[in-house]
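Single-letter residue listing:
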Amino acid sequence: MAANNALDRLVGLAMLILASVVFLYYTVWTLLMPFVDDNHPLQTLFPPRVWAIRIPVILLLLGGAVVGSFLSVVMIRSNRKKAAKAKAAKAK
């Protein structure tokens, strides 16, 4: 049990660090880099600014599609279970 707790804490720490790094990178890219000259070497570390809008939009669309698909599957399975129960009750 203690090994699972330690593993969970390690995975949680790794996820927290990854989320913090992504957040800081995106923040620097969108809020600070527009004020840096285009020929500065730091500009090579970041993609073009148009992707600062495209990436979140794409992620939101994909996330919405995944959530919608999950809800659809759950609703379809729930309806099948209700129909099977109704059919079984009718057969009695």
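Residues numbered from 1 in each chain as written. Predicted model: local features only at pLDDT ≥ 70, side-chain atom pairs only at ≥ 80, totals over all residues. Heavy atoms only, no water.

## Description of the overall build of the protein chain
Scanning the protein chain from terminus to terminus reveals 2 helices and 0 strands. In summary, the protein chain has a C-alpha radius of gyration of 24 Å against a globular reference of 12 Å for 92 residues, an excess of more than 25%. Taken along the three principal axes of its C-alpha coordinates, the protein chain extends 80 × 40 × 15 Å. Put simply, the protein chain shows about 8300 Å² of open surface, and 73% of that area lies on carbon and sulfur atoms. (Helix = DSSP H or I, 4+ residues; strand = E, 2+ residues; numbered from the N terminus. Rg over C-alpha atoms; globule rule 2.2 N^0.38 Å. Areas by Shrake-Rupley, 256 points an atom, 1.4 Å probe, with all protein chains shown as cover.)

## Some thoughts on the UniProt feature "transmembrane region" (unreviewed entry) in the protein chain
Residues given the UniProt feature "transmembrane region" (unreviewed entry) here are residues 12-32 and 52-76. The span residues 12-32 is 100% helix and 0% strand, and its two end C-alpha atoms sit 29 Å from each other. (UniProt positions renumbered as here; feature names shortened; annotations may be inferred.)

## Thoughts on a positive patch on the surface
A surface patch of positive charge is lined by Arg77, Arg80, Lys81 and Lys85. Within the element layout of this structure, Arg80 appears in helix α2 (residues 51-91). Judged by relative accessible area, which is 61%, Arg80 ranks as exposed. (Patch = residues over 30% accessible without salt bridge, like charges linked within 9 Å, V, L, I, M, F, W, Y side chains within 5 Å. Salt bridge = Lys/Arg side-chain N within 4 Å of Asp/Glu carboxyl O. Lys, Arg positive; Asp, Glu negative; His and termini not counted. Charge placed at Lys NZ, Arg CZ, Asp CG, Glu CD. Buried < 20%, exposed > 50% of the residue type's maximum accessible area, 1.4 Å probe, protein only.)

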